[in-house]
Amino acid sequence: MANETGKPDFSDVQGGVESTAPDAPPKADFSDVQSHVGSTADKATSYTVVAGDNLSKIAKHFYGNANAWKRIFDANRDQLSDPDRIRVGQVLKIPAES
């Protein structure tokens with residue numbers, strides 16, 4: 001099947017594709033899908049101090065760990081200068097658990 005140049009002659013080759021796989025299912029219609037993204041990562045809860053509260057007790061309530069009081073103190077430095085001096089009625093920011 002070689003021509004005069006010694007190279008194979010593929011001039012009469014015909015191509016085509018056949019498959020025994022079942023037909024593909026129709027494409028899903030997502031034209032009416034709506035999306036919403038929300039995050040609580042940066043949101044802080046607020047807590048109003050009651051008689052008998054201290055930052056450790058509040059931390060235990062929100063985080064399950066009294067040693068996490070510093071997280072609450074740091075979030076409220078704008079109104080607290082001493083972690084042992086919180087006042088009844090004071091509204092504290094409770095940062096989201098990270």
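Definitions and cut-offs
Residues numbered from 1 in each chain as written. Predicted model: local features only at pLDDT ≥ 70, side-chain atom pairs only at ≥ 80, totals over all residues. Heavy atoms only, no water. Core = buried A, V, L, I, M, F, W, Y, C linked by side-chain atoms within 4.5 Å. Buried < 20%, exposed > 50% of the residue type's maximum accessible area, 1.4 Å probe, protein only. Helix = DSSP H or I, 4+ residues; strand = E, 2+ residues; numbered from the N terminus. Arc of directions from axis to C-beta. Polar contact = N/O pair within 3.5 Å; in protein donor to acceptor, adjacent residues only side chain to side chain. Salt bridge = Lys/Arg side-chain N within 4 Å of Asp/Glu carboxyl O. Contact = heavy atoms within 4.5 Å.

Novice: Which residues make up the nonpolar core, and what values do they have?
Specialist: By size, the foremost hydrophobic cluster in this structure holds 13 residues, and its most contacted members are L55, I58, I72 and L92. Of all the elements in the fold, those that place two or more residues in this core are α1 (55-63), α2 (69-75) and β2 (91-95). Here this core gets four residues from one element, more than from any other, and that element is α1.

Novice: With reference to specific residues and values, describe the environment of Q79.
Specialist: Summarising the element assignment, Q79 is placed in the loop between α2 and β2. When the C-alpha atoms of Q79 and V91 are compared, they prove to be 9.5 Å apart, with 12 residues separating the residues in sequence.

Novice: How would you summarise α1 if you had to cite specific residues and measurements?
Specialist: Taken residue by residue, α1 has L55, I58, A59 and Y63 as its buried positions. Projection of α1 onto a plane perpendicular to its axis shows the buried side chains occupying an angular sector of 100°, all on one side. More than 90 degrees from the buried face of α1, the exposed residues found are K60 and H61. You can read the cap of α1 off the contacts: a side-chain oxygen lies 3.1 Å from the backbone nitrogen of S56, and it is on N54. Once α1 finishes, G64 follows within two positions and takes phi at roughly 75°, a positive value.

Novice: Can you lay out the pattern of salt bridges for me, pointing to particular residues and giving the numbers?
Specialist: Counting across every chain of the model gives four salt bridges. Here R85 ties to D82 by a salt bridge, and the two come within 3.6 Å at their closest N and O atoms. Where salt bridges share partners, they join K70, D74 and R77 into one cluster.

Novice: Any details on the side chain of Q90? Residues and values, ideally.
Specialist: Secondary-structure assignment places Q90 in the loop between α2 and β2. Relative accessible area serves as the criterion here: at 5%, Q90 is assigned to the buried category. At 2.9 Å, the side chain of Q90 and the backbone nitrogen of R87 are in polar contact. When neighbours within four sequence positions are excluded, Q90 is seen to be in contact with Y47, T48, V49, Q79, L80 and R85.

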